[in-house]
Amino acid sequence: MMSDAREHFPILTQQVDGHPLAYLDNAATTQKPRQVLDAVVRYYSESNANVGRSVHAMSMRATDAYEAARETVRGFVNAADASEIVFTKGTTESVNLVAEGFVTELVSAGDEIVVSGMEHHSNLLPWHRVCRRTGAVLRVVPTDADGEITAAAFAEQLGPRTRFAAVAHVSNVQGTVNPVAEISALTRERGIPLLVDGAQAVAHRPVDVQALGADFYCFSGHKMYAPMGTGVLYGRAELLERTDPLLVGGGMVRHVNAEGPQKVFPAPALFEGGTPNIAGAVGLAAAVEYLTGIGMDQVAAHDAELTARAAAGLRGLDGVRVFGAQQPSGGLVSFGVDGLHPYDVGNHLSANGIMVRTGVHCAMPFVDSLGVVGTVRASFAVYNTPEEVDRLVETVATAEKGFWTNEHPNERFLSD
Ligand code: PMP
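Keep in mind that what you see is a predicted model, and the values were worked out from it rather than measured. Sequence order as written defines residue numbering, which begins from 1 separately in each chain. For a predicted model such as this one, the threshold for reporting local features is a pLDDT of at least 70, and the threshold for listing and counting side-chain atom pairs is 80 or more; totals across whole chains, interfaces and linings nevertheless cover every residue. Excluding hydrogens and water, the side-chain figures rest on all heavy atoms present in the structure.

(A) Expanded view of helix H4 (residues 125–134). Among the residues making up H4, those that are buried are Pro126, Trp127, Val130, Cys131 and Thr134. Along H4, the residues classed as buried sweep out an arc of 140 degrees about the axis, all on the same side. At its buried positions, H4 is contacted by helix H3 (91–106), strand S5 (112–116), strand S6 (137–141), strand S7 (162–168) and strand S8 (194–197). For every residue, the accessible area obtained with a 1.4 Å probe (protein chains only) is divided by the maximum for its type, and the residue is called buried under 20%, exposed over 50%, and partly exposed between those limits. Only DSSP runs of H or I reaching four residues or more are called helices, and only runs of E reaching two or more are called strands; each is numbered from the N terminus. For this quantity, the arc is that covered by the directions from the helix axis to the C-beta atoms. The contact definition used throughout considers only heavy atoms, calling two residues in contact when any of these lie within 4.5 Å.

(B) Spotlight on the pairing of strand S12 (residues 260–264). Paired strands, as defined in this entry, are two strands with at least two bridges between them according to DSSP. Where strand S11 (residues 253–257) lies against S12, 4 bridges are found, and the strand directions are antiparallel. Counted as the bridge partner of asparagine 257 is glycine 260 from S12. Here S11 folds back onto S12 in antiparallel fashion, the turn holding 2 residues.

(C) How the structure looks around the pairing of strand S9 (residues 216–220). Counting buried residues along S9, 5 of its 5 residues qualify, which places the element largely inside the surrounding structure. On S9, burial covers both faces: Phe216, Cys218 and Ser220 on one face and Tyr217 and Phe219 on the other are all buried. Bridging between S9 and strand S10 (residues 231–235) involves 5 bridges; their strand directions are antiparallel. Counterpart to phenylalanine 219 in the pairing with S10 is valine 232.

(D) Fine view of the sheet that holds S7. Spatial ordering of the open sheet is given by S4-S10-S9-S8-S7-S5-S6, a layout of 7 strands whose pairing is mixed. Since the sheet does not close on itself, it has two edges, and those belong to strand S4 (85–88) and S6, each with one partner. In this sheet, neighbouring strand axes are inclined to one another by 20 degrees on average, regardless of whether the strands run parallel or antiparallel. Where S7 meets S8, 4 bridges bridge the pair, whose relative direction is parallel. Bridge assignment links valine 167 to a residue of S8, and that residue is valine 196. Axis definition: a line fitted to C-alpha atoms, over the contacting stretch in the case of helices. Angles run 0 to 180 degrees between N-to-C directions. Relative to the sheet, H3 contacts S4, S5, S7, S8, S9 and S10, its axis offset from that of S9 by approximately 155 degrees.

(E) Focus on the site of the ligand. Here a residue counts as near a molecule or strand whenever at least one of its heavy atoms sits within 4 Å of it. The ligand sits among Gly90, Thr91, Thr92, His120, Ser122, Asn172, Asp197, Ala199, Gln200, Ser220, His222 and Lys223. For the ligand, a nitrogen atom lies 2.5 Å from a polar atom in the side chain of aspartate 197. In protein, a polar contact means a hydrogen-donor-capable atom and an acceptor-capable atom, both N or O and within 3.5 Å, with residues adjacent in sequence counting only if both atoms are side-chain atoms; elsewhere, any N or O pair within 3.5 Å suffices. Histidine 222 has a polar side-chain atom sitting 2.7 Å from an oxygen atom of the ligand. Throughout, the ten residues Ala, Val, Leu, Ile, Met, Phe, Trp, Tyr, Cys and Pro are labelled nonpolar, Asp, Glu, Lys and Arg are labelled charged, and all others, Gly among them, are labelled polar. Of the residues assigned to the shell around the ligand, the class counts are 1 nonpolar, 9 polar and 2 charged.

(F) The layout of surface pockets, seen in detail. Cavity means a closed set of points on a 1 Å grid over the protein atoms alone, one where a 1.4 Å probe fits but cannot get out, pocket means an open set with protein on both sides within 12 Å along at least 5 of 7 lines, and lining means a residue has an atom within 4 Å of a point. Grid points are joined across faces, edges and corners, and a volume is the space filled by probe spheres set on the points. Its boundaries defined by the atoms lining it, the largest pocket holds a volume of some 270 Å³. Along its surface, the largest pocket is lined by 14 residues, and Val51, Gly52, Glu67, Gly251 and Ala269 are the ones closest to its centre. Split by residue class, the lining of the largest pocket holds 6 nonpolar, 4 polar and 4 charged.

(G) Up close: the domain arrangement of the protein chain. Boundaries of every domain are those given by an automatic assignment or by a domain database. According to the domain assignment, the protein chain consists of domain 1 (2–31 + 296–407) and domain 2 (37–292). On a C-alpha basis, the centroid separation for the pair domain 1 and domain 2 is 28 Å. Residue-level contacts link 38 residues of domain 1 with 33 residues of domain 2. When two components associate, each loses some accessible surface as probed by a 1.4 Å sphere; the sum of these losses over both components is called the buried area. Interface area for domain 1 against domain 2, summed over the two sides, is near 2800 Å², with a carbon-plus-sulfur share of 56%. Ranking the residues of domain 1 by area buried against domain 2 places Met296, Gln326 and Phe366 at the top, with a combined share of 24%. Between Lys or Arg on one side and Asp or Glu on the other, a salt bridge is scored when a side-chain nitrogen of the former is within 4 Å of a carboxyl oxygen of the latter. Inspection of the domain 1/domain 2 interface yields 0 salt bridges. The interface formed by domain 1 and domain 2 holds 17 residue pairs in polar contact (both at pLDDT 80 or more) in total. Counting residues per element, the ones that place at least two in the side of domain 1 that touches domain 2 are helix H10 (296–315), strand S14 (332–337) and helix H12 (364–369).

(H) Quick look at empty space enclosed by the protein. Enumeration according to the criterion identifies 1 cavity of 30 Å³ or more in this entry. Space inside the largest cavity adds up to approximately 40 Å³. Surrounding the largest cavity, Asn26, Ala27, Thr30, Ala199, Gln200, Ala203, His204, Lys223 and Phe380 form its lining. Split by residue class, the lining of the largest cavity holds 4 nonpolar, 4 polar and 1 charged. The residue makeup of the lining of the largest cavity includes at least three contributed by each of domain 1 (2–31 + 296–407) and domain 2 (37–292).

(I) Looking closely at H10. In a helix, the anticipated span is given by 1.5 Å times the number of residues less one. Taking 1.5 Å of rise per residue, the 20 residues of H10 would be expected to cover 28 Å, and the 28 Å separating its terminal C-alpha atoms lies within 8% of that figure. Among the residues of H10, those classed as buried are Met296, Val299, Ala300, His302, Asp303, Leu306, Thr307, Ala310, Ala311 and Leu314. Taken down its axis, H10 places every buried residue within 165 degrees of arc, on the same side. Set apart from the buried face of H10 by more than 90 degrees, the exposed residues are Asp297, Glu305 and Ala312. The inward-facing, buried residues of H10 contact helix H2 (57–77), helix H9 (278–294), strand S13 (320–322), S14 and helix H13 (386–396).

Structure, rendered in C-alpha cells:
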C-alpha cells in the first residue's frame, strides 16, 4: 500500500534544481493527495454555498457536506459526539480559543497553569498572555538532559493552585512522544483540565481522545494531508459548555435584538462565528479518509521505520548529534552537525533537492535549553521512502561550512 502512496501526490513528481524532490518537511506541512485536491475541486464545482443560513437546496447540500466532515473527524479521533469537534484554522487558533474562552475565566491571581518545557510557541504564548492578564503564574515542567519529560516530572509541578495544564502529544522539535495518558490520569484525579497539542501526532499514530484522557485536543489539518487553513479543537462537551467563543458574529447566534445577543447556538456552532472554511472541512474529511484507507497502524509503522532509519544513519556519521534519547517515533528526527550552522546544512540539502526545516522550530525556549542555535529537522510522511532517507544521510555527510555562523543567535529569528 505504502509503496504506491507517492503516486497519489501530484506535487512530488517535480525536480528541484535538477534533483528529484525529497520533501522531508512534513512536520511543517504535508503535501496533499489527489483525493483531497479532488474533494475540494468537487465541492467548489458542485456544492458551493454558505452553510446553515438558507433553506435553498445548495445551502442544504453544503451544510450536509460540512456536517458530514465533522462526523468523519469525530470518528478519526473517537470523540463521543460530533458537537465536540470545532473547526478552526489550525492548532494555534484552537489553543487560543481555549486560552481566551475557557482558561481566562477559570484562573485568578496566584492560580497556576502548568505546561511542559518543550512546547511550541502556539502552546506557550497563549498561556503567557492569560497569565499576564489575570495574574496567574505559569509553571514549566523542566525537561531532562535529553530534552524529555516524565509523568512524574509533570506531577511535581501540579499543586493546590493548579487550575489548568497543557502538553504536546508529540514534540515538533525532537519527535518525543509524551506519556499523555499517564499525565491525564494525574490531572484528572486532581480535577485539572488538560489540553493536548496534537499537531504532530494525528498524521503519525492512531489518536483516541477518550483513551488519552484529553479534555481538549488541538490539531491542524494541513499537517495531516488536508488543505491549509483547516484545524480542529476537540473539547469534552462538559468543558465546551463552559467556554466562550473567540469570535462573535453571524452564524453563532439564534436571536439578537437591539441590546445584543439574546440566545446563542450551542457547540460547535457557538465557536464557528462567521462563514467557515467549508471546502477546507470537506478536504480535511477527505484527508481522514485517505489516512484511514491506508490504516493508521500502517502509517505509524511506516513513519516510525523511516524515522529510525534516519536516526541510525545520522548517528553513524562523524560529528552528527541526533537530539533526544527516545528512539524517535514521532515521525521526525532533529540533528546538528558539529561546526556547521543548521542553515548551512539546510541550504546544502535544499541544493540537492532535499527539503528540511532548520532553526528553532517555533520552540525557542526549548531549543535554547538544548544549548544550540537551532537544529536541522527531517520529518516524514506516507510518501517518503527509505531511498530518500539514505539520500538525506549521504548528503548530510557532504555538507560544508558556508555563509552562516553559530555566533549570531539573532539569526535564529529568520526561521522562527
Ligand atoms: N503545535 C505544534 C507541536 C506544532 O508543530 C505546530 C506547527 N508547527 C503548531 C502547534 C501550530 O500549528 P499551526 O501553525 O497549524 O496553527
